[in-house]
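Listed below are the residues making up each chain.
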Amino acid sequence: MLEEWWRRQALRETGRSDGEAALDTLRAVVDSLSQNFTAEREAGFDEYAHDYGRLAAYGLFYFPQGFMRPRFVLRELAQRCGWTPPSQGARILDIGCGTGAAGLGIAREISRLSPGVTIHGIDTAGQSLRVFSQLFADNAVLWPGVQMRTHKWTGQKLNEVEGIRDLRFDLVVASFSLNEMFFGRPQETVNEWVESVLRETLSEKGVFLILEPSLRESSERLERLRDHLCAQQTARVLAPCLHASACPLLKEGKYWCHEVRSWEPPESFVYINRKLQRSSGQSLKFSFLALAQPEGSPVLDSSTPDNPLPEAATFRLISPVAKAKGKMIMAGCNAAGQKAEYEILQ
């Protein structure tokens, strides 16, 4: 349904009557956007939201990815961490929401658990907010009972934004926003901003979810942020980490922490990607941090009285799995805060 909505925008903006012809026209636009999102940024690249053609290309190729990424993390938080939204009336804040992919993906994931969800989207691009509102209204059947509010943002403190200044949120998401907001700025600025969101905007039992590109620069920014928050005890890291020690990958300086998740992309995405051959055609790659308020244990215990496990036996996979004769070999970041090699005998 969402794919069809974006396809209609593509037909209108390209002036084509044939769906595949419209996608062919937009493929070069997607390629240009991809270069700017992952490489050196052109001046004004973030103004794509004001260009309807580029916005349609964004919607067909990038919106589905942004819609799915936070849902993977929410499922982990529910299954591994036991986090659930309030039984009713959950508030979601989508920072730098764009056309609403992350906020709508989250609403789709949790609305059945928390009737009466309200999404508040803030962004500096008024055109993106208008598209967000129209997309939400036109596809209301996908999120019954969900309400949506948009707010123009000038980059000021969140507690100064009209319409949300007095609210606390059960789930705050910044999806691929930090790399734009803090491009070229010092790490300390990122740390201070995140701490202010935790302190002033997040509810007592809420989660602040930050998703970023899987590039080294953006991933290591999150690792440094995570180490700072753990050292200062100003947040509790729910995921991806199983510990509150210093990040072993950041300390080693060779690899960086990121997720690789399998997914089933929509047909329009597959068609556009057929010639572009972006890796996102097979899997979604991203870095993330799921943060909670600092009170409580910073480490989730993976053992139970019936099944006690040493910390080193519980780990998060941080490498591909290599198959050797009679065994599988992999690297993991374990609950003892160490990077270690593991072998699983077959």
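Residues numbered from 1 in each chain as written. Predicted model: local features only at pLDDT ≥ 70, side-chain atom pairs only at ≥ 80, totals over all residues. Heavy atoms only, no water.

### As for the overall build of the protein
Helix and strand content of the protein: eleven helices and twelve strands. Split into buried and exposed, the 346 residues of the protein put 51% on the buried side. In the protein, the proportion of contacts linking residues at least 24 apart, taken out of those at least 6 apart, comes to 72%. In the structure as shown, the protein presents an accessible area of about 16500 Å², 49% of it carried by carbon and sulfur atoms. (Helix = DSSP H or I, 4+ residues; strand = E, 2+ residues; numbered from the N terminus. Buried < 20%, exposed > 50% of the residue type's maximum accessible area, 1.4 Å probe, protein only. Contact = heavy atoms within 4.5 Å. Areas by Shrake-Rupley, 256 points an atom, 1.4 Å probe, with all protein chains shown as cover.)

### Considering the layout of surface pockets
Its boundaries defined by the atoms lining it, the second largest pocket holds a volume of some 390 Å³. In this structure, the second largest pocket is lined by 15 residues; those nearest its centre are His258, Leu317, Ile318, Ser319 and Pro320. Mapped by element, the contributors of at least two residues to the lining of the second largest pocket are β7 (259-262), β9 (315-317) and β12 (339-345). (1 Å grid on protein atoms, 1.4 Å probe; cavity = no way out; pocket = protein on both sides within 12 Å on 5 of 7 lines; lining within 4 Å. Points joined across faces, edges and corners; volume = space filled by probe spheres on them.)

### A look at the confidence of the model for the protein
On average, residues of the protein score 87 in pLDDT, and 89% of them reach the 70 mark or higher. The weakest mean pLDDT in the protein belongs to helix α2 (residues 19-38) at 73; the strongest belongs to strand β4 (residues 169-175) at 97. When the criterion is pLDDT under 50, residues 38-46 qualifies, and its contacts beyond four places in sequence or with other chains add up to twelve contacts. Here residues 297-305 is modelled with pLDDT under 50, and outside its nearest four sequence neighbours on either side it reaches 14 contacts, counting other chains as well. (pLDDT = per-residue confidence, 0-100.)

### Considering the environment of Ala244
Its place among the elements puts Ala244 in the loop between β6 (236-239) and α10 (248-252). In this structure, the C-alpha to C-alpha distance between Ala244 and Asp227, residues 17 residues apart in sequence, is 8.0 Å.

### Re empty space enclosed by the protein
Scanning the model with the defined rule gives one cavity of 30 Å³ or more in all. The calculated volume of the largest cavity comes to roughly 210 Å³. Looking at the largest cavity, it is lined by 20 residues, and the ones nearest its centre are Glu223, Pro240, Cys241, Cys247 and Cys257. Residue assignment for the lining of the largest cavity shows that the elements contributing at least two residues are α9 (216-232), α10 and β8 (283-292).

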